[in-house]
Amino acid sequence: MAVFGKDTEAVGKFAGSVPVPEFKETSFSSSKPLDQAKVAIVTTAALYREGGSGFELGDGDFHYETLPREARDLTLGHGSVNFDRGGFAADINVVYPIDRLYEFVEEGIIGSVAENHYSFAGNQSDTVSEIRLDSGPLCAKEMIEEEVDVVLLTGT
Amino acid sequence: MCPRTLCTLAHVFEAAGLCTIVITPMREVAERMKTPRMLHTVFPLGLSLGKPRDREFQADVLRAAFELLDEATGPVIRKYPVTISPTDHQPISCSLPPRVNTDVHPAVDEAQSLKKAYDRAHQKNGRTSVGMIMSADKIPEALERFVKIVEGEHWEEVGFAPRSMYPTVQDIRSYYEELACELAEGPIEPWATEEWFYDQTEAGKLILTARRIMRDNKVEQSVWFGLAPAGRE
């Protein structure tokens, strides 16, 4: 029996069959030019700052953590054993490309790096309704107040 | 299920007026959810930007992601042209310490001997993922509990609090995988630290043995299943 996380075909079948919420419409916003845009990262890797309380195991924790852009003392809170954890152990940027964003500002590709970035737990209820109706909109409101234009979404 | 949560957040954020780009290998989820913008990366799970410690590669993935903002309408899904296999890679080169204290189980001795390497990694990186349930100082003690299971004691009588075995193993793995990244020469390839941990270290082999024993003794699957990736023997 192959290790699930390394079996591309099995992962694809799982992704094709897992229940997903229905979105009747796709909102599609437009941004100011990228070289003027403020960019934030939102990750579902359940990152939190070392020493923090982190995320609960299971699918009932829909809160999010705020990651100030200076913070590098980040813990990987995603508890699944079915993904490669060595990449993050070696380099946080492979999940949370914060240093790359600073380089993109220096190169004039993006306008600025948001003051805060955000982290959710990827394991949520099948309906994802708590994220959809509660913590997701709250996080969006915070980013809009911080004048974020573009959100890069990464996971594990 | 990370990609489902990612795609849900993308919808929520776009509806609030933000532009989003999802980077994920799970195209099947993004397609079914009509995700606004998705860069389809055929990379192993856990490696969103593809290659750790490879600044140029990560930057190229990000440039491809940002190019999706040029599209006037969506949903838009574009495949990143470079793929990374989860299986076609070199093992990490990371030597293990010789026995020092023969009075304790080899896994306990090994974990004690590796503490300095872990501390170096922690200090150098300024971070650690050890701490879900215990500090690094407690790793040898946690391994002693698995030794007792292998020696025949019942898992409920070796000192594990309810539902604590799974996060205990996560902490042990983080301890080993972080120090492996410190000790290893060359790139850290996909799944290489996981394979090193379970196939080569005394700690990993001990945990796999304890897992097999609990499975064979008909212990409830939720207790032992998550002590190693699904499908691992």
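Above this note sits the structure.
Residues numbered from 1 in each chain as written. Chains lettered and ligands numbered in written order. Predicted model: local features only at pLDDT ≥ 70, side-chain atom pairs only at ≥ 80, totals over all residues.

Points about the overall build of chain B
Piece 1. If you tally the helices and strands in chain B, you get ten helices and three strands.
Piece 2. Taken over the C-alpha atoms alone, chain B extends approximately 70 × 40 × 30 Å along its principal axes.
Piece 3. Burial analysis of chain B (233 residues in total) assigns 49% to the buried set.
Piece 4. Counted over contacts in chain B with a minimum sequence separation of 6, partners at least 24 positions apart contribute 65%. (Helix = DSSP H or I, 4+ residues; strand = E, 2+ residues; numbered from the N terminus. Buried ≥ 20, exposed ≤ 12 C-beta atoms within 10 Å, placed from the backbone. Contact = placed C-beta atoms within 7 Å.)

Section: the interface of chain B and chain A
Piece 1. Counting from both sides, the interface comprises 73 residues of chain B and, opposite them, 71 residues of chain A.
Piece 2. Residue assignment for the side of chain B that touches chain A shows that the elements contributing at least two residues are α1 (2-15), β1 (19-24), α2 (27-32), α3 (55-67), α7 (165-183) and α8 (192-200) of chain B.
Piece 3. With 13 residues, α1(B) is the single largest residue contributor to the side of chain B that touches chain A.
Piece 4. Its residues placed into classes, the side of chain B that touches chain A shows 40 nonpolar, 20 polar and 13 charged.
Piece 5. Alignment of strand β7 (residues 150-154) of chain A against β1(B), held across four bridges, turns out to be parallel. When the sheet's bridge partners are listed, A:V151 is paired in β1(B) with B:T20. (Nonpolar A, V, L, I, M, F, W, Y, C, P; charged D, E, K, R; others polar. Pairing = 2+ DSSP bridges.)

Structural notes on unusual backbone geometry
All names here are of chain B.
Piece 1. For the bond running from G74 to P75, omega is 5°, close enough to zero to count as cis.
Piece 2. Here P75 lies in the loop between α3 and β3 (76-79).
Piece 3. Positive phi is not limited to glycine here, since R53 has a value of about 60°.
Piece 4. Secondary-structure assignment places R53 in the loop between β2 (37-40) and α3.
Piece 5. C-beta crowding within 10 Å serves as the criterion here: with 15 such atoms nearby, R53 is assigned to the partly exposed category.
Piece 6. Positive phi is not limited to glycine here, since W191 has a value of about 65°.

Overview of the packing of helix α6 (residues 139-150) of chain B against helix α9 (residues 202-216) of chain B
Pairs of packed helices are described in terms of their axes, by the angle between the two and the distance that separates them.
All names here are of chain B.
Piece 1. One can describe the packing of α6 onto α9 by two numbers: an axis separation of 9 Å at closest approach and a directional angle of 45°. The angle between α6 and α9 places the two elements in the oblique class. Both α6 and α9 take part in a crossing whose hand is left-handed. Of the residues in α9, those in contact with L143, F146, V147, I149 and V150 of α6 are A203, L206, I207, T209, A210, I213 and M214. (Axes fitted to C-alpha atoms, helices over the stretch in contact; angles between N-to-C directions. Parallel < 35°, antiparallel > 145°, perpendicular 65-115°, else oblique. Left-handed = near helix turned anticlockwise from the far one by under 90°.)

A short note on the nonpolar core
If you look at soluble globular proteins, the nonpolar side chains tend to sit buried side by side.
Piece 1. Core analysis: the biggest nonpolar cluster contains 112 residues, and A:V151, A:L153, B:L9, B:V22, B:A65 and B:L143 have the highest contact counts within it.
Piece 2. Considering each element in turn, this core owes the most residues, eight residues, to α7(B).
Piece 3. Apart from the residues within four sequence positions on either side, B:L9 is in contact with A:V42, A:F120, A:I131, A:G136 and A:L153. (Core = buried A, V, L, I, M, F, W, Y, C linked by C-beta atoms within 7 Å.)

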